[in-house]
Every structure is written in structure tokens, then in C-alpha cells.
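Structural overview
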Amino acid sequence: MPQGPGYATDLADRYDDWFAPPAATTDATVALLARLAGSAPDGPLLELGIGTGRVALPLAARGHDVHGIDASTTMVERLRAKPGGEKLTVSIGDFAEVDHEGEFAVAYVAGGTFFELRTQQAQLRCFAQAARRLLPGGLFVLDAHLPEALAAHAGAGAQTVETANGDPVLRVRRLRPAGQRYTSDYLVFADGLFRHVRVDFRYASPGELDLMAAAAGLRLRERFGGWSGTPFSDTSGYHVSVYELPA
Ligand SMILES: C[S@@+](CC[C@H](N)C(=O)[O-])C[C@H]1O[C@@H](n2cnc3c(N)ncnc32)[C@H](O)[C@@H]1O
């Protein structure tokens, strides 16, 4: 079983400070997921790669029954330490397997986490296993960068990342298109030290994701240009895709 990437095992206590997106993005993510849950059958929600509960805890605070899976015990310890964190049902495991009891109205992956599954086989497996856990009419929701946007980021060199606590973080993305891989190297300066964190990803186009979904018996219901619910368009660099298990 994967232990989770290095940031999740070694820097879980600083994840929210350095790697979580701005609060407005989290608010929009929670709002869109709550809206989507309202259009899905009644039932619990399942977050794949739940991490420190950035999205799951505010959703639970709105009254949703939220479950989760994560490979990193240290990330889940952080979740447990937050208000409401002790109430969520969380499995430690590989989210490609979706090995978590229950049937869910919505399974979702947020924070660009889906591409942390680093093979096409693991990504296909995740779609298939998520579909198996959905109630009829249930939704599988994921967010991802477009390959074209990743290529543009990679060409732009080092970029500063906005962090929750203001610590300076530089990110360099490098693309390895032959294997549909990209690497994000983060350089964090905090407490008088530089720290280096590397995360490896496998990217896929929206079309490839749609094919994986179709192979799992899911169909694309809608695609947004981001968690704020903007339309997906030619200028989108990012998407939130909503797949449905036919009722
Ligand atoms: C970028 S963090 C995002 C956490 C949370 N979804 C959020 O948006 O704040 C990704 C999380 O996925 C977990 N993860 C990565 N690969 C995994 C895998 N194959 N199985 C289970 N968890 C995994 C990591 O341990 C980490 O907690």
C-alpha cells in the first residue's frame, strides 16, 4: 500500500500552511460539492485522498455525512485533531482501490489529487472502484489541470505560491510528456530553513478521463472550469468534472 507522498508523510503538520489552496478556493469547493450533493440521491459522501480534512470538515459542518480514504496516517492525525475530525469515518488505504464500506451519493477527489495516481492502470481502477461504491444516480467528481495549462506552467519557470500563513514557497513544474508525467518541486523557506518537497503526477486529458469513466459505466454529466462553477471553455486551464452512475 502507498504511504502517501513525502509531503503527506513528513510535512503533514505544515500541509495546511504551505500546500492548501487559498480559503476562497476551499469555500468554493465546499459550496459546489454541497450543491452537487443536493442533486444526487440521499446518502453519504466519500472523499478520496481526504488529507487534513480541508474540504471534508466544512462539508460535515454543513450536515453532510462525510467519509474518507487516505494513505497517510499523519495527514489523518491532523484531520482528527481538528474540530469535528473525530466524527468522520476514515479508512487508511490506497484510494485507487476505494476500499471503504458503504454506498455513496457522491465520491469526490479535490486539490488536484487524482493525478497523484501515477499510472493509467491506477486511474482506471479508481474510476471502476468508485463507480462500484456509488448509489444509482450517484456522482463521481474530480478536479484536474488541463495538459496544455501544465505545459504553460512548466514553460514559465519558478512560480511563487500563495500560502495560508504567508511563508514563501516557490514551485517549479516540469513536464515529461512521453509518459504523461509531471513533477512539482516546492522550495519552502520557513523557520530559517529551506525545505524541498517533490510530488510526482500522471496527467490525463479530459477526453481520456471521460473514456476511463465510460469504461467504469459512468457518464459525464457536466464539466466546470473550476470549483466556482464557471463554464468550461477554450480559456480554461482547469476543470471540475462531474460523472454520474446512471440510475
Ligand atoms: C494534495 S493532498 C489533498 C488533500 C485534500 N483532498 C485537500 O484537497 O486538501 C492529497 C492527499 O491524497 C493522499 N494520497 C495521495 N495518493 C494516495 C493514494 N494512492 N491513496 C490514498 N491517499 C493518497 C495524500 O496522502 C494526501 O493526503
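Fair warning: this is a prediction, and the values are worked out from it, not measured in the lab.

1. Overview of the site of the ligand
What surrounds the ligand is a group of 22 residues, the closest being Glu-47, Gly-49, Arg-54, Asp-70 and Phe-95. Contacts to the ligand include Glu-47, whose side-chain N or O atom sits 2.7 Å from a nitrogen atom. At a separation of 3.0 Å, a nitrogen atom of the ligand approaches a polar backbone atom of Ala-71. Out of a free accessible area of 590 Å², the ligand has 96% covered by protein chains. Along the lines of polarity and charge, the residues of the shell around the ligand split into 11 nonpolar, 6 polar and 5 charged.

2. Some words on the sheet that holds strand β8 (residues 181-190)
Strand order in the open sheet made by the 4 strands is β6-β7-β8-β9, with antiparallel pairing throughout. Strands at the two margins of the open sheet, each flanked by one partner only, are β6 (159-161) and β9 (193-202). Here the strands of the sheet are splayed against their neighbours by 30 degrees on average, with no regard to which way each runs. Strands in contact with helix α7 (residues 147-155) are β6, β7 (169-176) and β8; relative to β7, the strand with the most contacts, it is inclined by about 120 degrees.

3. Concerning the packing of helix α6 (residues 120-133) against helix α8 (residues 206-215)
With their axes 8 Å apart at the nearest point, α6 and α8 run at an angle of 50 degrees to one another. Taken together, the axes of α6 and α8 are oblique relative to one another. Considering the relative orientation of α6 and α8, their crossing is right-handed. Contact residues: α6 offers Gln-120, Gln-123, Leu-124 and Phe-127, while α8 offers Glu-208, Leu-209, Met-212, Ala-213 and Ala-215. When grouped by side-chain class, the residues that make up the contact of α6 with α8 number 6 nonpolar, 2 polar and 1 charged.

4. Some words on unusual backbone geometry
In the Ramachandran plot, Val-98 falls in the positive-phi region, its phi being about 45 degrees despite a non-glycine side chain. Note on placement: Val-98 falls in the loop between β3 (89-92) and β4 (104-109).

5. Some remarks on the environment of Gly-63
Relative to the helices and strands, Gly-63 resides in the loop between α4 (56-61) and β2 (66-70). Gly-63 sits 29 residues away from Ala-34 along the chain, and the two C-alpha atoms are 9.8 Å apart.

6. Section: the domain arrangement of the protein
Along its sequence, the protein is carved into domain 1 (6-147 + 204-244) and domain 2 (149-200). When each unit is reduced to the centre of its C-alpha atoms, the spacing between domain 1 and domain 2 is 22 Å. Each side of the interface is counted separately: domain 1 has 18 residues, and domain 2 has 22 residues. Together, the buried faces of domain 1 and domain 2 total about 1,600 Å²; carbon and sulfur atoms form 57% of this surface. Broken down residue by residue, the surface that domain 1 buries against domain 2 is led by Trp-18, Arg-118 and His-145, which jointly contribute 35%. Run the count over domain 1 and domain 2 and you get 2 salt bridges. Between Asp-167 and Arg-14 there is a salt bridge, with its nearest N and O atoms 3.6 Å apart. Inspection of the region where domain 1 meets domain 2 yields 11 residue pairs in polar contact (both at pLDDT 80 or more). Per-element accounting of the side of domain 1 that touches domain 2 gives the leading share, 3 residues, to helix α2 (residues 15-18).

Thresholds applied
Residues numbered from 1 in each chain as written. Predicted model: local features only at pLDDT ≥ 70, side-chain atom pairs only at ≥ 80, totals over all residues. Heavy atoms only, no water. Near = heavy atom within 4 Å. Polar contact = N/O pair within 3.5 Å; in protein donor to acceptor, adjacent residues only side chain to side chain. Areas by Shrake-Rupley, 256 points an atom, 1.4 Å probe, with all protein chains shown as cover. Nonpolar A, V, L, I, M, F, W, Y, C, P; charged D, E, K, R; others polar. Pairing = 2+ DSSP bridges. Helix = DSSP H or I, 4+ residues; strand = E, 2+ residues; numbered from the N terminus. Axes fitted to C-alpha atoms, helices over the stretch in contact; angles between N-to-C directions. Contact = heavy atoms within 4.5 Å. Parallel < 35°, antiparallel > 145°, perpendicular 65-115°, else oblique. Left-handed = near helix turned anticlockwise from the far one by under 90°. Domains from an automatic or database assignment. Buried area = accessible area lost by both parts, 1.4 Å probe. Salt bridge = Lys/Arg side-chain N within 4 Å of Asp/Glu carboxyl O.

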